[in-house]
Amino acid sequence: DGGITQSPKYLFRKEGQNVTLSCEQNLNHDAMYWYRQDPGQGLRLIYYSQIVNDFQKGDIAEGYSVSREKKESFPLTVTSAQKNPTAFYLCASSINPGQSPFGYTFGSGTRLTVV
Amino acid sequence: QKEVEQDPGPLSVPEGAIVSLNCTYSNSAFQYFMWYRQYSRKGPELLMYTYSSGNKEDGRFTAQVDKSSKYISLFIRDSQPSDSATYLCAMQTGANNLFFGTGTRLTVIP
């Protein structure tokens, strides 16, 4: 079945530590996205990529980094510079919106907790 | 002003009730309107998708778009406990990213 796989489902980070969240899709979608979800704040865009080897900052990119070396993969690194990283992180993909806007397919999310 | 406004609720209704969920928006360039359903600790899943103004029905769900008022609605008929979830509206112009509402948390009480 086609879809988006996020791993791990739960992740614990110590203060000052970098962690990487994995996102893999087999939908042959061009565009991929990372969102952060906090209670009462909805989805906030961290980074997005519409093509391999290219990505753009979203609304809350500070303290995060991404790479897009393969079409299928869009890992997110939460760096020690992100002061409040505890949140639910969602990865999504879509056919490039400029071609046909059919909404996004989401993964099941990774819950990151700072300990 | 946010691009998309959505009442966060929470909303509690008895089983069998008709539920109305709403969003307003400010960008008149939005053309594509979506509703996502998100169960607790899961990713959102696309529920309904409409283009421009009008109604779209899918089983117990009806999505309504009024572009003149910049207002969209999702109606759920004969609500079931399995409908208990957070519902997010989303919209886009077609050339860039989705804009999401904050989500409305719905509980259907048996």
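Note that residues are indexed from 1 along each chain, following the sequence as it is written. The naming scheme follows written order: chains are lettered A onward, ligands numbered 1 onward. Local features are withheld for residues below a pLDDT of 70 in this predicted model, meaning they are given only at 70 or higher, and side-chain atom pairs are given and counted only at 80 or more; totals for whole chains, interfaces and linings count all residues. Based on all heavy atoms of the structure, the side-chain values leave hydrogens and waters out of the count.

Draft legend 1. Looking closely at the overall build of chain B. Under the DSSP-based scheme used, a helix requires at least four consecutive residues in state H or I and a strand at least two consecutive residues in state E, with every element numbered from the N terminus. Looking only at helices and strands, chain B features zero helices and eleven strands. When the helices and strands of chain B are read in sequence order from the N terminus, they spell out β-β-β-β-β-β-β-β-β-β-β. Projected onto its principal axes, the C-alpha positions of chain B cover 40 × 25 × 20 Å. Every one of the 110 residues in chain B was classed for burial, and the buried ones make up 45%. Residues count as neighbours in contact if any of their non-hydrogen atoms are within 4.5 Å of one another. Excluding contacts between residues fewer than 6 apart, the proportion of contacts in chain B whose partners are at least 24 apart in sequence is 54%. Carbon together with sulfur atoms contributes 48% to the accessible area of chain B, which is approximately 5200 Å² in total. Burial classes follow relative accessibility: with a 1.4 Å probe on protein chains only, a residue under 20% of its type's maximum area counts as buried, one over 50% as exposed, and anything between as partly exposed. Per-residue accessibility takes into account occlusion by the displayed protein chains alone, with areas from the Shrake-Rupley method and a 1.4 Å probe.

Draft legend 2. Quick peek at the sheet that holds strand β6 (residues 54-58) of chain B. All names here are of chain B. Note on pairing: DSSP must find at least two bridges between two strands before they are called paired. Spatially, the five strands line up as an open sheet ordered β1-β3-β8-β7-β6, and their pairing is antiparallel. Each edge of the open sheet is held by one strand with a lone partner, namely β1 (4-6) and β6. This sheet shows a mean twist of 15° between the axes of neighbouring strands, independent of strand direction. Axes here mean lines fitted to C-alpha atoms, for a helix over just the part in contact, with angles spanning 0 to 180 degrees between N-to-C directions.

Draft legend 3. Expanded view of the environment of Cys-91 of chain A. All names here are of chain A. Within the element layout of this structure, Cys-91 appears in strand β9 (residues 87-94). Taking the C-alpha atoms as reference, Cys-91 lies 8.8 Å from Thr-110; in sequence the two are 19 residues apart. Setting aside residues no more than four positions away along its own chain, Cys-91 makes contact with Ile-4, Gln-6, Cys-23, Met-32, Tyr-33, Trp-34, Thr-105, Phe-106 and Gly-107.

Draft legend 4. Fine view of the pairing of strand β7 (residues 61-66) of chain B. Residue and element names in this part refer to chain B. Bridge analysis of β6 against β7 gives five bridges, and the strand direction is antiparallel. Within the sheet, the bridge partner assigned to Asn-55 lies in β7 and is Gln-64. Counting the residues that bridge the hairpin from β6 to β7 gives two residues, and of these Gly-59 lies at a positive phi of roughly 65°. Pairing analysis gives six bridges linking β7 to strand β8 (residues 71-76), with the strands arranged antiparallel. Its bridge partner lying in β8, Gln-64 is registered against Ser-73. Counting the residues in the hairpin turn of β7 and β8 gives four residues, including Lys-70, whose phi is positive at 55°.

Draft legend 5. Structural context of empty space enclosed by the protein. Definitions used for this entry: grid spacing 1 Å over protein atoms alone; cavity, a set of points where a 1.4 Å probe fits but cannot get out; pocket, an open set with protein on both sides within 12 Å along at least 5 of 7 lines; lining residue, one with an atom within 4 Å of a point. Grid points are joined across faces, edges and corners, and a volume is the space filled by probe spheres set on the points. All told, the structure shown has one cavity of 30 Å³ or more when counted by the stated rule. In terms of lining residues, the largest cavity is bounded by Lys-9, Tyr-10, Phe-88, Ser-108, Gly-109 and Arg-111 of chain A together with Arg-41 of chain B. Nonpolar residues are Ala, Val, Leu, Ile, Met, Phe, Trp, Tyr, Cys and Pro. Charged residues are Asp, Glu, Lys and Arg, and all others, Gly as well, are polar. Considered class by class, the residues forming the lining of the largest cavity number two nonpolar, two polar and three charged.

Draft legend 6. Summary view of the layout of surface pockets. The space that makes up the largest pocket amounts to roughly 650 Å³. Lining of the largest pocket is provided by 25 residues; of these, Gln-37 and Pro-39 of chain A together with Gln-38, Thr-86 and Arg-105 of chain B occupy positions nearest its centre. At the level of secondary structure, the elements contributing two or more residues to the lining of the largest pocket comprise β4 (31-38) and β9 of chain A together with β9 (85-92) and β11 (104-109) of chain B. Broken down by element, the residue count for the lining of the largest pocket peaks at three residues, all from β9 of chain B. Tallied by class, the residues present in the lining of the largest pocket amount to eight nonpolar, twelve polar and five charged. Estimated volume of the second largest pocket: approximately 440 Å³. If you go around the second largest pocket, you meet 18 residues; those closest to its centre are Leu-43, Arg-44 and Asp-59 of chain A together with Phe-99 and Phe-100 of chain B. Tallying contributions element by element places strand β5 (residues 42-51) of chain A first for the lining of the second largest pocket, with four residues. Partitioning the lining of the second largest pocket into residue classes produces seven nonpolar, seven polar and four charged.

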